Amino acid sequence: GIGFKTADGIAGKMGYGKNDARRCRSGILYTLGQLSDEGHVYAEREQLVQAACTLLEADAAPVCEALERMILSEELITEREAIYLPAFYHAECGAARRLKELAESAGRTLFTTELDPGVLTAETGIDYDDVQLAAIRQAVTSKVMVLTGGPGTGKTTTTQGIIAALKKAGLRVLLAAPTGRAAKRMSEATGMDAKTIHRLLEYNPQDGYKRGDENPLDGDALIVDECSMIDILLMNNLMKAVPVTMRLVLVGDIDQLPSVGAGNVLRDIIDSQKIPVVRLTRIFRQAQKSRIVMSAHAINQGRFPDTSNGRDTDFFFMKEEDPERVAATVVRLVKERLPRAYGQRPDKIQVLTPMQRGIVGAANLNLSLQEALNPSGPSLNRGGYTYRQADRVMQVRNNYDVVWKDGLTSGMGVFNGDIGQVVEVDNRAELLTVDFDGRRVEYTPDMLGELEPAYAITVHKAQGSEYRAVILA
C-alpha cells in the first residue's frame, strides 16, 4: 500500500545500503513501472541501468548484477536488447500471435458477386467514393483490417457502409470503443448499441474479464473505433475474446495521441504490414469548409496552419505571451465573446490545455472559470476544491459499483472521462448528486476524490471526445 520511494526511505533508516541487492531489484522494477507509465512496453538494457542508477544513486555494478539475477529467475524477460516486465511481454506476444492467427484463418465468402455500391447507398443514404468502397470490400473479404485517416476523411461514413455490407451478408455485428464517450458517439453515428471494450468483455475489478479464451464473444464481426487509444494490455485481453471465426475491423487515426497506457498498438499493427490497411486521404468538400479540419491536416504535413482569422472561419489563433493574460483571455472567451458572437452556451464550450499545473494549467483555469461562470450556490468543500451546484465535473476513475440516485442500480457504473453536472448538494448528509447524460449518481464524501472540475481539462483527458466549441490554451 505504499510506493517505492516511501519504502526506500524506511529501508534507508533501517540500515539498507545504497547498493543493497534487494534495493537494486526493487529500483529496477520501479523504473520499468515508471517507463510503462510514460508509454514504454520495454526498456533497453543501457537505458534501464542508467535510469535505475540515477534513481537509486547506486553504482552500476550491483544494479547490473541484480538485473542478471532477475533475468535468470524470469522475473524479467529479455529479447535482444529489450527488457520487459512479464505482463507486457506476454501481452505483446499474445496480441500479435492472435492477430496473425485471425488474419491467416479462412473466412467464409460473404458475397458471390461484386458488392453493388447502389445497394449500399440505398441502405445508408451515402454515396461512397472509390477508396471508401475499397475499404468496404476489404472488410467483407478479410478476417482483419485497419481503416485509418485524419479528420474529415469519412471514417464514420465508411464504417456505416461496412456495417451495412456485413449485415446484408447476414452477420451479427458488435461495436466497441475504448472510452464511454467514444462508444456513445459511435452509437449516435450508427444507430446501434456500442459498448466500451471493458463492458464488451464484461470486466469487473473483482473477477477481471469474464470474456476470454474459455468464453469468447458472441457475434460474427467486431468493429472497434478510436483504436489509437488502445494500449497493449487491453488489446491482448480483447484479442483473447475474439474467436477465430469472427471478423475484426479496427478504425482509428494514428496521428492522434497514442494511448495513455503502454504501447502504440494501432501504429505498430499498421507498420507491421501483416494486416490489410485502407487509408482515407481525401478531405470531403463539406470538411474542406472547416478550417479546423484543414489546420489539422496542415500540421500533420508540417505546414503552418492558416491563422488569418475572420468572422466566417471556425479556427482562430490569438497570440499572447503572458500566462496571466492568456488565462484572463480564456475566461473572457468562455463567458462573453463566444456566447455573444456565436450564441454558444458557456456549458457547451470546452477549455483544453496540455498540462495540469501552472497559470494556464487545468487546475488554475478551473478555479478562474468556476469563479467567472458559477461563483455562488450550494457547495461542498473537499481536498482543496469547492464542488458547487451547476459545476461541470469529470469522473477520473473507473467505478463499476456506484450509488445510483433513488436506489436505482446499474451494471454500467461511471468511467474515467465521463463528464457530468452537479445537480444537487446536500450539506447535511454531505452528498453530491451528479447527472451524467440523464443518469444520476450520488457521491459520498469518500468518493469525491473520483471527481475533478471539468471547465478545463488536459488534452489527454479529452481524447475521443467532441465538443461544440474548444479553446486550447
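Residues numbered from 1 in each chain as written. Predicted model: local features only at pLDDT ≥ 70, side-chain atom pairs only at ≥ 80, totals over all residues. Heavy atoms only, no water.

Chemist: In this structure, what is going on with the overall build of the chain? I would like to understand it.
Modeler: Scanning the chain from N- to C-terminus turns up 16 helices and 22 strands. Against the globule reference of 23 Å for 473 residues, the chain gives a C-alpha radius of gyration of 25 Å, in line with a compact fold. Based on the C-alpha atoms only, the size of the chain along its principal axes is roughly 80 × 60 × 55 Å. Taken across its 473 residues, the chain has 47% of its residues classed as buried. Relative to all contacts within the chain whose residues are 6 or more apart in sequence, the contacts with residues 24 or more apart total 66%. In the structure as shown, the chain presents an accessible area of about 24,500 Å², 49% of it carried by carbon and sulfur atoms. Looking at charge distribution, the chain has the averaged site of its 56 positive side-chain charges lying 4 Å from that of its 62 negative ones. (Helix = DSSP H or I, 4+ residues; strand = E, 2+ residues; numbered from the N terminus. Rg over C-alpha atoms; globule rule 2.2 N^0.38 Å. Buried < 20%, exposed > 50% of the residue type's maximum accessible area, 1.4 Å probe, protein only. Contact = heavy atoms within 4.5 Å. Areas by Shrake-Rupley, 256 points an atom, 1.4 Å probe, with all protein chains shown as cover. Lys, Arg positive; Asp, Glu negative; His and termini not counted. Charge placed at Lys NZ, Arg CZ, Asp CG, Glu CD.)

Chemist: Sorry, what's going on with the pattern of salt bridges here?
Modeler: Side-chain pairs of opposite charge can arise where the charged atoms are in close proximity. Per the stated rule, a full pass over the model turns up 23 salt bridges. The residue Glu188 makes a salt bridge to Lys184 at a minimum N-O spacing of 3.7 Å. A residue pair is termed a helical-turn pair when its members lie 3 or 4 positions apart in one helix, as Glu188 and Lys184 do in helix α9 (residues 180-190) at four residues. Classification of Glu188 by relative accessible area gives exposed; the value is 56%. By relative accessible area, which is 40% here, Lys184 ends up partly exposed. Through salt bridges with shared partners, a single ionic network connects Lys184, Glu188 and Asp437. (Salt bridge = Lys/Arg side-chain N within 4 Å of Asp/Glu carboxyl O.)

Chemist: Which parts of the structure should I look at to understand the layout of surface pockets?
Modeler: One water molecule sets the probe size; rolling that probe over the atoms shows where empty space is left. Empty space within the second largest pocket amounts to approximately 940 Å³. Residue lining of the second largest pocket: 32 residues in total, with Thr179, Met229, Val260, Gly261 and Asn416 positioned closest to the centre. Going through the elements one at a time, α9 and α11 (232-241) are the ones with two or more residues in the lining of the second largest pocket. Residue contributions to the lining of the second largest pocket peak at three residues, all from α11. For the lining of the second largest pocket, the class distribution of residues is twelve nonpolar, 15 polar and five charged. (1 Å grid on protein atoms, 1.4 Å probe; cavity = no way out; pocket = protein on both sides within 12 Å on 5 of 7 lines; lining within 4 Å. Points joined across faces, edges and corners; volume = space filled by probe spheres on them. Nonpolar A, V, L, I, M, F, W, Y, C, P; charged D, E, K, R; others polar.)

Chemist: Mind showing me how you'd approach the confidence of the model for the chain here?
Modeler: Interpreting fine coordinate detail is not advised for predicted regions of low pLDDT. Confidence in the prediction for the chain averages 92 pLDDT; 97% of positions are at 70 or higher. This model gives residues 407-411 a pLDDT under 50, and the stretch forms three contacts once residues within four places in sequence are excluded. (pLDDT = per-residue confidence, 0-100.)

Chemist: What exactly am I supposed to notice about the packing of helix α1 (residues 4-13) against helix α2 (residues 21-37) here?
Modeler: To describe two helices that pack against each other, one gives the angle between their axes and the distance between the axes. Where α1 contacts α2, the two axes come as close as 11 Å, and the packing angle between them is 165 degrees. With respect to each other, α1 and α2 are oriented roughly antiparallel. The hand of the α1/α2 crossing is left-handed. Seen from α1, the contacting residues are Phe4, Lys5 and Asp8; seen from α2, they are Arg23, Ser26, Gly27 and Tyr30. Along the lines of polarity and charge, the residues of the contact of α1 with α2 split into two nonpolar, two polar and three charged. (Axes fitted to C-alpha atoms, helices over the stretch in contact; angles between N-to-C directions. Parallel < 35°, antiparallel > 145°, perpendicular 65-115°, else oblique. Left-handed = near helix turned anticlockwise from the far one by under 90°.)

Chemist: Could you clarify how one ought to interpret the sheet that holds strand β2 (residues 77-79) in this entry?
Modeler: Either a parallel or an antiparallel arrangement is found when strands of a sheet pair, and the pairing is made through backbone hydrogen bonds. Read from one edge to the other, the open sheet built from three strands follows the order β1-β3-β2, with strand pairing classed as antiparallel. Two strands lie at the open edges of the sheet, namely β1 (42-44) and β2, each paired on one side alone. Adjacent strand axes in the sheet meet at a mean angle of 30 degrees when their direction is disregarded. Where β1 meets strand β3 (residues 82-84), three bridges bridge the pair, whose relative direction is antiparallel. (Pairing = 2+ DSSP bridges.)

Chemist: What exactly am I supposed to notice about the state of the cysteines here?
Modeler: Linking two cysteines covalently via their sulfur atoms produces the bond known as a disulfide. Applying the stated criterion across every chain, the model contains zero disulfides. Considering cysteine sulfurs only, Cys53 is the nearest to Cys64, which forms no disulfide, with 6.6 Å between them. (Disulfide = S-S within 2.5 Å.)

Chemist: What is the right way to look at α1 in this model?
Modeler: Spacing of three or four residues puts side chains on the same side of an α-helix, whose turn is 3.6 residues. Among all positions in α1, only Phe4, Asp8 and Ala11 are buried. Around the axis of α1, the buried residues are gathered within 60 degrees of arc, so they sit on the same side. Summarising the contacts, the buried residues of α1 are in contact with α2 and α3 (45-56). Gly15, located one to two residues past α1, shows a positive phi value of around 100 degrees. (Arc of directions from axis to C-beta.)

Chemist: Is there a simple way to think about unusual backbone geometry in this case?
Modeler: Note on backbone geometry: most residues besides glycine have negative phi, and most peptide bonds are trans. Of note in this structure, Gln273 is not a glycine but carries a positive phi near 60 degrees. Among the secondary structure elements, Gln273 is positioned in the loop between α12 (265-272) and β11 (277-280). Its identity as a non-glycine residue notwithstanding, Asn309 has a phi of 55 degrees, on the positive side. Relative to the helices and strands, Asn309 resides in the loop between α14 (291-300) and α15 (323-342). With relative accessibility at 24%, the residue Asn309 sits in the partly exposed group.

Chemist: It is not clear to me how the pairing of strand β18 (residues 431-436) should be interpreted in this structure. Could you clarify?
Modeler: In regular strands, side chains alternate between the two faces of the sheet. The element β18 is extensively covered by neighbouring structure, given that six of its six residues are classed as buried. Side chains Leu431, Thr433 and Asp435 project from β18 onto one buried face, and the interleaved Leu432, Val434 and Phe436 project onto a second face that is buried too. Note: strand β17 (residues 419-426) against β18, five bridges, orientation antiparallel. Across the sheet, Asp426 pairs through a bridge with Leu431, a residue of β18. Where β17 hands over to β18, the hairpin turn is made up of four residues, of which Glu430 adopts a positive phi near 55 degrees. With five bridges joining them, β18 and strand β19 (residues 439-443) adopt antiparallel strand pairing. Residue Thr433 lies in a different strand from β19, and its bridge partner there is Glu442. A loop of two residues connects β18 with β19, the two strands running antiparallel in sequence, and Asp437 in this loop sits at a positive phi of about 50 degrees.

Chemist: Explain the sheet that holds strand β9 (residues 221-224) here, please?
Modeler: The six strands are arranged β6-β5-β9-β10-β4-β11 in an open sheet whose pairing can be described as parallel. On the outer flanks of this sheet lie β6 (194-196) and β11, each paired with one strand and no other. In this sheet, neighbouring strand axes are inclined to one another by 20 degrees on average, regardless of whether the strands run parallel or antiparallel. Of the strand pairs in this sheet, β9 and strand β10 (residues 247-252) are connected by four bridges, and their pairing is parallel. Looking at β10, one finds that Leu222 is bridged to Leu248. Most of the contacts of α9 go to β6, to which it runs at about 175 degrees, and overall it touches β5 (173-177), β6 and β9.

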